[in-house]
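# Topology and contacts: notes
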Amino acid sequence: MRSERKRAAILDAAEALFVSEGYERTSVDAIAARAVVSKRTVYDYFEDKQGLFLRVLERVDDALVAAVREAIEQEITEGRDLREALTAFASHVATETFPSSTYVTFRRLGSPRGAVPPSAEHVRDRPERLLEERFARLAASGQLRVPDPRRAVQHFTALTIALALDATDDEPAAAAGQAEIAAIISDGVDAFLRAYR
């Protein structure tokens, strides 16, 4: 139990420093000091700084994947009108999931891209793969024409979630206006369905 607390303390310290200072400027010494453990203890739990960064990114990504999975399961359900389901899903993700501290942390850990260790790139696309699987199922049931689920997800997120997030990047969702976000998502879903239905 004590060892799990130490491991969690190291991960918490590393996450805070990677977010505030960036990967390159964060030292193992600083992580150890913030976690109140020795540098040797950090290396006992994690082989090196890159390995520690990957564990932090995976932990944050796991939380984000769980949130996206929950949104898919709640909103894109069997028998629901497809336009309604996709609109509800995009709204859920853009106004509830992504404004969460988990997603903010995930974005900060991954930006700028050049500062992320190359081996971390594979972790970053897991939420999209969940939606690819759902789109493939919708295609199999004849609700969508999706020759390439990955490309379809890219188009869907670009037309809906990404545009909604752009509208709220500089100001919170309340300031950007719920009506504006709803209109962006509605228009995006319509454009997506014109191409893929």
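Given the structure is predicted, the values throughout are model-derived calculations rather than measurements.

## Observations regarding the packing of aromatic side chains
According to the stated counting rule, one finds 8 aromatic pairs in the structure shown. Relative to Phe156, the ring of Phe135 has its centre 5.6 Å away and its plane inclined at 80°; by these criteria the two rings are edge-to-face. In this pair, Phe135 is assigned in helix α7 (residues 126-140) and Phe156 in helix α8 (residues 149-159), connecting sequence segments 21 residues apart. When the centroid spacing of 5.2 Å and the interplanar angle of 75° are considered together, the rings of Phe156 and Phe192 count as edge-to-face. In this pair, Phe156 sits in helix α8 while Phe192 sits in helix α11 (residues 178-196), placing the two residues 36 residues apart along the sequence. Here Phe156 matches Phe192 in class, with each residue buried. Here the aromatic residues Phe89, Phe135, Phe156, Phe192 and Tyr196 are joined through ring pairs into a cluster of three or more.

## Thoughts on empty space enclosed by the protein
What the rule picks out here adds up to 1 cavity of 30 Å³ or more. Volume-wise, the largest cavity comes out at about 40 Å³. Looking at the largest cavity, the residues that line it are Ile76, Thr77, Glu78, Gly79, Arg80, Leu82, Ala85, Leu138 and Gln143. Here the lining of the largest cavity is composed, by residue class, of 4 nonpolar, 3 polar and 2 charged.

## Some remarks on α8
Inspection of α8 places Ala152, Val153 and Phe156 among the buried residues, and these make up the whole buried set. One face of α8 carries all of its buried residues, which in axial projection span an arc of 100°. Tucked into the core, α8 has its buried residues touching α5 (82-97), α7, α9 (161-168) and α11.

## Quick notes on the nonpolar core
One recurring pattern in soluble globular proteins is that nonpolar side chains are buried together. Core analysis: the largest hydrophobic core is formed by 33 residues, its most contacted members being Leu86, Phe89, Phe135, Leu144, Phe156 and Phe192. For this core, the elements supplying multiple residues, two or more each, are α4 (49-75), α5, α7, α8, α9 and α11. Once residues within four sequence positions are removed from consideration, Phe192 is found in contact with Leu86, Phe135, Leu144, Ala152, His155, Phe156 and Leu159.

## Section: the packing of helix α1 (residues 2-21) against helix α2 (residues 28-35)
Here α1 crosses α2 at 125°, and the two axes come no closer than 8 Å. Considered as vectors, α1 and α2 are oriented oblique to each other. Considering only the axes of α1 and α2, their crossing is right-handed. Across the interface between the two elements, Ala9, Ile10, Ala13, Ala14, Ala16, Leu17 and Phe18 of α1 pack against Ala30, Ile31, Arg34 and Ala35 of α2. Taken together, the residues that form the contact of α1 with α2 break down as 10 nonpolar, no polar and 1 charged.

## Quick word on the environment of Ile185
Examined against the element boundaries, Ile185 turns out to sit in helix α11. For Ile185, a relative accessible area of 0% puts it in the buried group. Between the C-alpha atom of Ile185 and that of Phe156, which follows or precedes it by 29 residues, the distance is 9.8 Å.

## Some points on α9
For α9, every residue scored as buried is listed here: Ile161, Ala164, Leu165, Ala167 and Thr168. One side of α9 carries all its buried residues, which in axial view fall inside an arc of 155°.

## Observations concerning unusual backbone geometry
The backbone of Val36 shows a phi angle near 60°, a positive value even though the residue is not glycine. Its location among the elements puts Val36 in the loop between α2 and α3 (39-45). With relative accessibility at 72%, the residue Val36 sits in the exposed group.

About the criteria used
Residues numbered from 1 in each chain as written. Predicted model: local features only at pLDDT ≥ 70, side-chain atom pairs only at ≥ 80, totals over all residues. Heavy atoms only, no water. Phe/Tyr/Trp six-rings, centres within 6.5 Å; stacked < 30°, edge-to-face > 60°. Helix = DSSP H or I, 4+ residues; strand = E, 2+ residues; numbered from the N terminus. Buried < 20%, exposed > 50% of the residue type's maximum accessible area, 1.4 Å probe, protein only. 1 Å grid on protein atoms, 1.4 Å probe; cavity = no way out; pocket = protein on both sides within 12 Å on 5 of 7 lines; lining within 4 Å. Points joined across faces, edges and corners; volume = space filled by probe spheres on them. Nonpolar A, V, L, I, M, F, W, Y, C, P; charged D, E, K, R; others polar. Arc of directions from axis to C-beta. Contact = heavy atoms within 4.5 Å. Core = buried A, V, L, I, M, F, W, Y, C linked by side-chain atoms within 4.5 Å. Axes fitted to C-alpha atoms, helices over the stretch in contact; angles between N-to-C directions. Parallel < 35°, antiparallel > 145°, perpendicular 65-115°, else oblique. Left-handed = near helix turned anticlockwise from the far one by under 90°.

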